[in-house]
Amino acid sequence: KIFMSYEGYSWEKMLIYQIKKFNSEIKTYGYFFSIITKYQNSPFVKYGENFDFDYILTSGNPQKKKFINRKFKKEKITLIGKEFYKEIKLSKNILSNKKCLILPEAFKEEIFFMLDFVKNCSDEKLDIEFYIKLHPLMNNKKIKEKIFNYVGSKIKIINTENTNFRFTIFRGTSAIVDYIKKGSQPIYLKKKNEADLNPLYKISNEIKYIANSKDFEKLIKSKKVFSQTPQLQKYCKNYFHKLNKRNLLNLFK
């Protein structure tokens, strides 16, 4: 039995082919642990038995359902969860704070695209404190210095996950799931002429979309009070599961 990550790369298919060519009795298990986006395709394309994993492992329900909907055999898909899953409870009094978290992925260009949004937000019109939480791959002294030189004190960099935020502005990161579970209002910052990268596209009607600072100002100043729905909480609680060691160990029998 061979276990490996599964992200839909062509080299994975070629490796599976070589493994089966070497010994047809070897069983291959692909672990799909990531998010799914609306236009994501390659992991869900069937290339035939010689190139496909014998079994697929997933970290949550939406991923499992996606494979089933794409005609993968249900009995060959096992939900095993995620090792770094966190039990998160809904925070109290989160609606009363005026903090907004910026949540970029591990790309320098995305960090500064989102910082441009913050720079354009008017201090006079908005009574909002901005924070940014960097992806671990970008959380270094050099990037932090560049952020400070670019926006100064307009935004604070945080490392802890203990802070609660009324709003969380995101794009394609899976980290948004945990902040929603805390009670934060998700706001997707879209870019012109770009495909939707929202990992929560299945319930996009529950997500607020903005394109610029003016959209954000209108949103938070609108008379309509907006907050999370039970549907959004339920979907995020099922997006990733706690590692099920029994399901995992059963695969070795």
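Structural data are supplied above this passage.
Quick summary incoming for the structure in this document.

Conventions we followed
- Residues numbered from 1 in each chain as written.
- Predicted model: local features only at pLDDT ≥ 70, side-chain atom pairs only at ≥ 80, totals over all residues.
- Heavy atoms only, no water.
- Helix = DSSP H or I, 4+ residues; strand = E, 2+ residues; numbered from the N terminus.
- Buried < 20%, exposed > 50% of the residue type's maximum accessible area, 1.4 Å probe, protein only.
- Areas by Shrake-Rupley, 256 points an atom, 1.4 Å probe, with all protein chains shown as cover.
- Lys, Arg positive; Asp, Glu negative; His and termini not counted.
- Charge placed at Lys NZ, Arg CZ, Asp CG, Glu CD.
- Contact = heavy atoms within 4.5 Å.
- Pairing = 2+ DSSP bridges.
- Axes fitted to C-alpha atoms, helices over the stretch in contact; angles between N-to-C directions.
- Arc of directions from axis to C-beta.
- 1 Å grid on protein atoms, 1.4 Å probe; cavity = no way out; pocket = protein on both sides within 12 Å on 5 of 7 lines; lining within 4 Å.
- Points joined across faces, edges and corners; volume = space filled by probe spheres on them.
- Nonpolar A, V, L, I, M, F, W, Y, C, P; charged D, E, K, R; others polar.
- Salt bridge = Lys/Arg side-chain N within 4 Å of Asp/Glu carboxyl O.
- Patch = residues over 30% accessible without salt bridge, like charges linked within 9 Å, V, L, I, M, F, W, Y side chains within 5 Å.
- Right-handed = clockwise from strand over helix to strand, strands pointing away.

### Topic: the overall build of the protein
The number of helices and strands found in the protein is eight helices and ten strands. Its C-alpha atoms give the protein principal-axis dimensions of about 70 × 40 × 30 Å. Out of the 253 residues belonging to the protein, those deemed buried represent 43%. About 14,700 Å² of surface is accessible on the protein, with carbon and sulfur atoms providing 51% of the total. Distance between charge centroids for the protein: 4 Å, based on 51 positive and 25 negative side chains.

### What about the side chain of Glu 217?
For Glu 217, the location among the structural elements is in helix H6 (residues 213–221). The exposure class assigned to Glu 217 is buried, which follows from its relative accessible area of 11%. Setting aside its immediate chain neighbours within four residues, Glu 217 contacts Asn 120, Cys 121, Ser 122, Lys 125 and Leu 126.

### Looking at the sheet that holds strand E2 (residues 28–32)
Strand order across the open sheet formed by four strands is E1-E2-E3-E4, with parallel pairing between neighbours. The open sheet has two edge strands with one neighbour each: strand E1 (2–5) and strand E4 (77–79). Averaged over all neighbouring strand pairs, the angle between strand axes comes to 25 degrees, with direction disregarded. Pairing of E2 with strand E3 (residues 55–58) involves four bridges; the strand directions are parallel. For Tyr 31, the partnering residue across the bridge sits in E3 and is Leu 57. Contacts between helix H1 (residues 10–22) and the sheet are confined to E1 and E2, with E1 contributing the most and set at about 175 degrees to the helix. Against the sheet, helix H2 (residues 61–69) touches E2, E3 and E4, its axis set at about 170 degrees to E4.

### Brief notes about helix H7 (residues 230–239)
Buried within H7 we find Leu 232, Gln 233, Tyr 235, Cys 236 and Tyr 239. Axial view of H7: buried residues confined to an arc of 165 degrees, hence all on one face. Within H7, the exposed residues directed more than 90 degrees away from the buried face are Pro 230 and Lys 234. Considering only its buried residues, H7 is in contact with H2, helix H5 (176–182) and strand E9 (185–189).

### Observations regarding the layout of surface pockets
In this structure, the largest pocket spans a volume of roughly 1,000 Å³. Take the lining of the largest pocket: its biggest share by element is five residues, from H5. Of the residues assigned to the lining of the largest pocket, the class counts are 18 nonpolar, nine polar and nine charged. Computed from the structure, the second largest pocket encloses a volume of approximately 300 Å³. For the lining of the second largest pocket, the secondary-structure elements that each account for two or more residues are H1 and E3. Within the lining of the second largest pocket, the residues separate by chemical class into six nonpolar, one polar and eight charged.

### Notes on the pattern of salt bridges
Enumeration according to the criterion identifies six salt bridges in this entry. A salt bridge links Lys 20 to Asp 54; the shortest N-O distance between them is 3.3 Å. Residue Lys 20 is located in helix H1, and its partner Asp 54 is located in the loop between E2 and E3; the two are separated by 34 residues in the primary sequence. Neither Lys 20 nor Asp 54 differs from the other in exposure class; each is buried. For Lys 181, the salt bridge goes to Asp 178, with nearest N and O atoms at 3.9 Å. Of this pair, Lys 181 and Asp 178 are both found in helix H5, three residues apart, which corresponds to roughly one turn of the helix. In the salt-bridge network here, residues are joined through shared partners; they are Glu 110, Arg 171 and Glu 194.

### Remarks on a nonpolar patch on the surface
A grouping of Phe 3, Leu 249 and Phe 252 is seen on the molecular surface, where their side chains present a nonpolar patch of about 310 Å² in accessible area. Tracing the backbone through its elements, the reader meets Phe 252 in the segment after helix H8 (245–250).

### Observations concerning the pairing of E3
The pairing of E3 with E4 spans three bridges and is classified as parallel. Each residue of the ladder has a partner; that of Ile 56, found in E4, is Ile 77. One crossover worth recording links E3 to the parallel E4 by way of H2, and it is right-handed.

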